[in-house]
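# Coordinate inspection notes
The primary structure of each chain is shown beneath.
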Amino acid sequence: MMRSYPVNSPQAAARIVALTVVADGDIGDAEIKWLDRLAVHEQLGLARHELHALLDTFCEDLLSSDQLKWADACPVDERTLADLMGEVQDPALRLKLLRLCVELAEVDAHVDDGESSVLIAAVEHWGLHREMFRPSSRN
């Protein structure tokens, strides 16, 4: 069983980030450095060790619920994905997370199938289709 967190809580938000981190099959150094450099934990309202602990417990949950099938593109099944996405209801938080996850997926200069399936799921579950194609900053 995956543990559940209060809707819109920092933990629920961080878990979407965690999902993107593990989506390419491993937690890479580049991704961890990026989390620290962008102080993602602060953006989500967590201490650094809390974010790192959440990454660990998320991986434990995945392993214990037999979700981690690295042969599949996405590390979790549809229902779990819907549950995780459903824990984030706040539109501003959803947008922030989508932007963070897009950046995170691109950190190793390669967005793989697992990462893109998580991003697509976020867009679909959260109805952010328009946001994907809107430039995040105007020069």
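Residues numbered from 1 in each chain as written. Predicted model: local features only at pLDDT ≥ 70, side-chain atom pairs only at ≥ 80, totals over all residues. Heavy atoms only, no water.

### Things to note about unusual backbone geometry
- In this structure, Asn8 is a non-glycine residue whose phi angle is positive, near 65°.
- Mapped onto the elements of the fold, Asn8 is located in the segment before α1 (10-22).
- You will see that Ala39, though not glycine, has its phi angle at about 45°, which is positive.
- Inspection of the secondary structure puts Ala39 in the loop between α2 (29-37) and α3 (40-44). (Helix = DSSP H or I, 4+ residues; strand = E, 2+ residues; numbered from the N terminus.)

### Details of the pattern of salt bridges
- Under the counting rule described, the total for this entry stands at 3 salt bridges.
- A salt bridge links Arg15 to Glu87, with the nearest nitrogen and oxygen atoms 2.8 Å apart. Here Glu87 lies in the loop between α5 (78-86) and α6 (91-105) and Arg15 lies in helix α1, a separation of 72 residues in the sequence. Here Arg15 and Glu87 have matching classes, each one buried. (Salt bridge = Lys/Arg side-chain N within 4 Å of Asp/Glu carboxyl O. Buried < 20%, exposed > 50% of the residue type's maximum accessible area, 1.4 Å probe, protein only.)

### Focus on the side chain of Arg94
- Of note, Arg94 is situated in helix α6.
- As a buried residue without a salt bridge, Arg94 has its nearest oppositely charged side chain in Asp90, at a separation of 8.0 Å.
- What Arg94 contacts, discounting residues up to four positions off in sequence, is Met85, Val88, Gln89, Trp126 and Leu128. (Lys, Arg positive; Asp, Glu negative; His and termini not counted. Contact = heavy atoms within 4.5 Å.)

### Quick notes on the confidence of the model for the chain
- Within the chain, residue pLDDT values average 84, and 86% of them lie at 70 or more.
- Element-level pLDDT for the chain is lowest in helix α8 (residues 129-132), with a mean of 69, against a maximum mean of 95 in α3. (pLDDT = per-residue confidence, 0-100.)

### Quick look at the packing of α5 against helix α7 (residues 113-126)
- At a minimum axis distance of 10 Å, the contact between α5 and α7 shows a crossing angle of 60°. By the criterion of interaxial angle, the relationship of α5 to α7 is oblique. Here α5 runs over α7; the crossing is right-handed. The residues of α7 that touch α5, namely those facing Leu81, Ala82 and Met85, are Val118, Ala121, Ala122, His125 and Trp126.
- Residue composition of the contact of α5 with α7, by class: 7 nonpolar, 1 polar and no charged. (Axes fitted to C-alpha atoms, helices over the stretch in contact; angles between N-to-C directions. Parallel < 35°, antiparallel > 145°, perpendicular 65-115°, else oblique. Left-handed = near helix turned anticlockwise from the far one by under 90°. Nonpolar A, V, L, I, M, F, W, Y, C, P; charged D, E, K, R; others polar.)

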